[in-house]
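A closer look at the structure
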Amino acid sequence: MTKNSDVKTDSFKDATDAYNKSDYTKAIELFRPLAIEGNTAAQWYLGWMYKNGEGVTQDYEESAKWYLLAGDQGDVGAQFSLAQMYESGEGVIQDNKESAKWYHLAADQGHARAQYNLGMIYDRGIGVTQDFEESAKWYRKAGDQGDSSSQYLLGAKYDEGIGVLQDHKESAKWYQMAGDQGNARAQYNLGLMYRNNKGVSQDLEESVKWFRLAAEQGDADSQFN
């Protein structure tokens, strides 16, 4: 006799197989009963498919409904999507506080982009009380996971002493991490630091190298330098 759990597992596999083959109509039919039973992955899929109009008429409100069910059960992808939807007012009433709440939930689970967005929110005081130390904390968490935008912004914080103690060596370290990933503004700032003996030993060849890398991406300041 087949166990119910085995049937659910097989049904989910059949649904994902249909989705991967772009048979969205069949995928929707298979995901829906699983989602109604509380399968968070199926709920996420329905949220995604309604948001993007895959196999159904695009419907942001329906998308938000399924994301909410999955997010309440701890699905990090759904939480991040809900944060974005509350931020933009897509399928829900725009609400910066609600957006910040969902970003927090996703960030607490280690979602790097949610951590970056949360850093931006605390920097700007949108939906939360402005808090530069809190902002730096979230940039660091995302930066430790390799998010280059967070690495650059953390470098800027150490450069200027905003939310952290000013430390040019620490600033250069984060700029270097972001620059190695191709972040043009980090490359430009690193070029300045090598030119001006700031946080690193003066090295004009190294300075030119970083300016060139940023200039090749179209950074006007680096092209001038």
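Quick note: structure is the one above.
A few points on the structure. (Residues numbered from 1 in each chain as written. Predicted model: local features only at pLDDT ≥ 70, side-chain atom pairs only at ≥ 80, totals over all residues. Heavy atoms only, no water.)

1. A look at the packing of aromatic side chains
- Here the structure, examined in full by the defined rule, presents eleven aromatic pairs.
- Consider the rings of Phe-12 and Tyr-45, whose centres lie 6.2 Å apart with planes at 65°: the pair is edge-to-face. With a gap of 33 residues between them, Phe-12 in helix H1 (residues 4-20) and Tyr-45 in helix H3 (residues 40-52) connect regions that are remote in the sequence.
- In this structure Phe-12 comes out as partly exposed when scored by relative accessible area, which is 23%.
- Overall, the relative accessible area of 16% leaves Tyr-45 in the buried class.
- Consider the rings of Tyr-116 and Tyr-139, whose centres lie 6.3 Å apart with planes at 40°: the pair is tilted. Pair noted here: Tyr-116 is in helix H7 (residues 112-124) and Tyr-139 is in helix H8 (residues 132-144), with a separation of 23 residues, a long-range link.
- Judged by its relative accessible area of 0%, Tyr-139 is buried.
- These aromatic residues form a ring-pair network of at least three members: Phe-12, Tyr-19, Tyr-24, Phe-31, Trp-44, Tyr-45 and Trp-48.
- Over the ring of Trp-138 we find Lys-141, and its NZ or CZ is 5.9 Å from the ring centre. (Phe/Tyr/Trp six-rings, centres within 6.5 Å; stacked < 30°, edge-to-face > 60°. Helix = DSSP H or I, 4+ residues; strand = E, 2+ residues; numbered from the N terminus. Buried < 20%, exposed > 50% of the residue type's maximum accessible area, 1.4 Å probe, protein only. Lys NZ or Arg CZ within 6 Å of the ring centre and 35° of its normal.)

2. Structural notes on the pattern of salt bridges
- A full pass over the atoms with the stated rule returns ten salt bridges.
- Residue Lys-198 pairs with Asp-159 through a salt bridge whose shortest N-O separation is 3.1 Å. Within this pair, whereas Lys-198 is found in the loop between helix H11 (184-196) and helix H12 (204-215), its partner Asp-159 is found in helix H9 (residues 148-160), the two being separated by 39 residues in sequence.
- In this structure Lys-198 comes out as partly exposed when scored by relative accessible area, which is 31%.
- By relative accessible area, Asp-159 is classed as buried at 12%. (Salt bridge = Lys/Arg side-chain N within 4 Å of Asp/Glu carboxyl O.)

3. Thoughts on the packing of H8 against helix H10 (residues 168-180)
- At a closest axis distance of 11 Å, the pairing of H8 and H10 adopts a crossing angle of 45°. Relative to H10, H8 is oriented oblique. Of the two possible hands of crossing, H8 and H10 adopt the one that is left-handed. Counted together, Arg-140, Gly-143 and Asp-144 of H8 and Glu-170, Trp-174 and Met-177 of H10 form the full contact between these two elements.
- Split by residue class, the contact of H8 with H10 holds two nonpolar, one polar and three charged. (Axes fitted to C-alpha atoms, helices over the stretch in contact; angles between N-to-C directions. Parallel < 35°, antiparallel > 145°, perpendicular 65-115°, else oblique. Left-handed = near helix turned anticlockwise from the far one by under 90°. Contact = heavy atoms within 4.5 Å. Nonpolar A, V, L, I, M, F, W, Y, C, P; charged D, E, K, R; others polar.)

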